[in-house]
Amino acid sequence: MKALVATALLAGATLAAPTTAQAPQPVDRNILHVQVILDSLGFGPGVLDGKGGQSLTAALKGFQEAKGLPRTGKPDAATLRALYPYRAKRPTARFVLTREALAGPYINPLPKDYGEQAKLPTIGYATPMEKLAEMFHTQPAVLIALNSPTTRLKVGDAITVPNALPASRDYDPKLPDHWRQTLNMLNVDATQPVADHIVVDKSDSVLRVLDKDDRLIAQFSATMGSKYDPLPLGTWKINGADYNPKFHYNPALFWDAKKGDEKEMLPPGPNGPVGVVWLDLSKEHYGIHGTPHPELIGRTESHGCIRLTNWDAARLAQMVKPGTKAVFQA
């Protein structure tokens, strides 16, 4: 095993990698502003990157439905008027780098073999840049675009980030300490609406959160199933949540398992196969969980489970409870 497990703060590192060949694309602050507001309201637009795309379109449709507007999926005049009261949530914020924000451990490179991964203490981020990007619901390229390439990752220095900062960090003291730390790291707001039931809709690749009056109160883009492991249609229940879970790899359950693979217990970590949380379903072997690849949500396939960005999965975990109904439909 040659993976590097580091805890150094990399005080001399800069936002731009030395091998960067092209200048980063500028971030459209108007689009970013719409994304940031939607993200803060619980209509997840995916990665906060100042670009349009299917996740932003889905988020706009969800917001429009919640506000009783035509579901155009576009930031049209009526939608912008509905977003206007939330304009105080600016598109970017200045974040002072802390020792905690830059601390590892970092695993770089991450072994591809599950047997080697099982030997690690955690499946953490590869670099401080990757961690910072996930903290602010974005990608490293966006942080580079928002800052000078020579900006140093040093404790006490400030960087510009998408404004994913929450309004409240007053997390339930009954939650495990490690989970409250994860919620804080991912900038998940402590105040969330209460779900009566959720609906996973394969037709538009979203997970919808509804109240007891069947009103849409939150929505997240999701990856769900594949031709080998289709989404299990029907009505299920959420049994409970496993925070910062280990992952039991059983090759018998994976159509793409490699010959010779053995059962392995992988350590917890945000870059593990199920990310930071597993919401167990009454359908055996199925759950709703996070991912190490937020940019691929809704664009790839899963092994039948429902996959969200780590920050959306963590947010959903605060909305549901054991017994919450989960409807999966085509």
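As a reminder, the structure under discussion sits directly above these lines.
Being a predicted model, the structure only gives us computed values, none of them experimental.

Rules behind the numbers
Residues numbered from 1 in each chain as written. Predicted model: local features only at pLDDT ≥ 70, side-chain atom pairs only at ≥ 80, totals over all residues. Heavy atoms only, no water. Helix = DSSP H or I, 4+ residues; strand = E, 2+ residues; numbered from the N terminus. Buried < 20%, exposed > 50% of the residue type's maximum accessible area, 1.4 Å probe, protein only. Contact = heavy atoms within 4.5 Å. Areas by Shrake-Rupley, 256 points an atom, 1.4 Å probe, with all protein chains shown as cover. Core = buried A, V, L, I, M, F, W, Y, C linked by side-chain atoms within 4.5 Å. Pairing = 2+ DSSP bridges.

(A) Looking closely at the overall build of the protein chain. Per the secondary structure count, the protein chain includes 9 helices and 16 strands. A burial count over the protein chain gives 51% of its 330 residues as buried. For the protein chain, restricting intrachain contacts to residue pairs at least 6 apart in sequence, the fraction spanning at least 24 positions comes to 63%. Accessible surface computed for the protein chain: about 15,700 Å², of which carbon and sulfur atoms make up 53%.

(B) A look at the environment of V277. Note on placement: V277 falls in strand β13 (residues 277–281). Setting aside anything within four residues of it in sequence, one finds V277 in contact with W179, A241, D242, Y243, N244, P245, I288, H289, G290, A313, A314 and A317.

(C) Fine view of the environment of R307. With respect to the element layout, R307 can be found in strand β15 (residues 306–307). Judged by relative accessible area, which is 16%, R307 ranks as buried. Through-space distance from the C-alpha of R307 to that of L296 is 9.9 Å; in sequence the pair is 11 residues apart.

(D) Layout of the nonpolar core. In this structure, L132, L207, I306 and L316 are the most contacted members of the largest nonpolar core, which totals 60 residues. For this core, the element with the highest residue contribution is helix α9 (residues 310–319), accounting for 5 residues. Among the nonpolar cores identified, the runner-up in size contains 11 residues, and F43, L60, L83 and L216 belong to it.

(E) The sheet that holds strand β7 (residues 206–210), seen in detail. One open sheet holds the 10 strands; their spatial order is β2-β8-β7-β6-β16-β10-β13-β14-β15-β9, and the pairing between them is mixed. Both outer strands of the open sheet, β2 (43–44) and β9 (223–224), are each paired with one neighbouring strand and no more. Across 5 bridges, the pairing between β7 and strand β8 (residues 216–221) is antiparallel. From the neighbouring strand, R208 faces β8, where its bridge partner is Q219.

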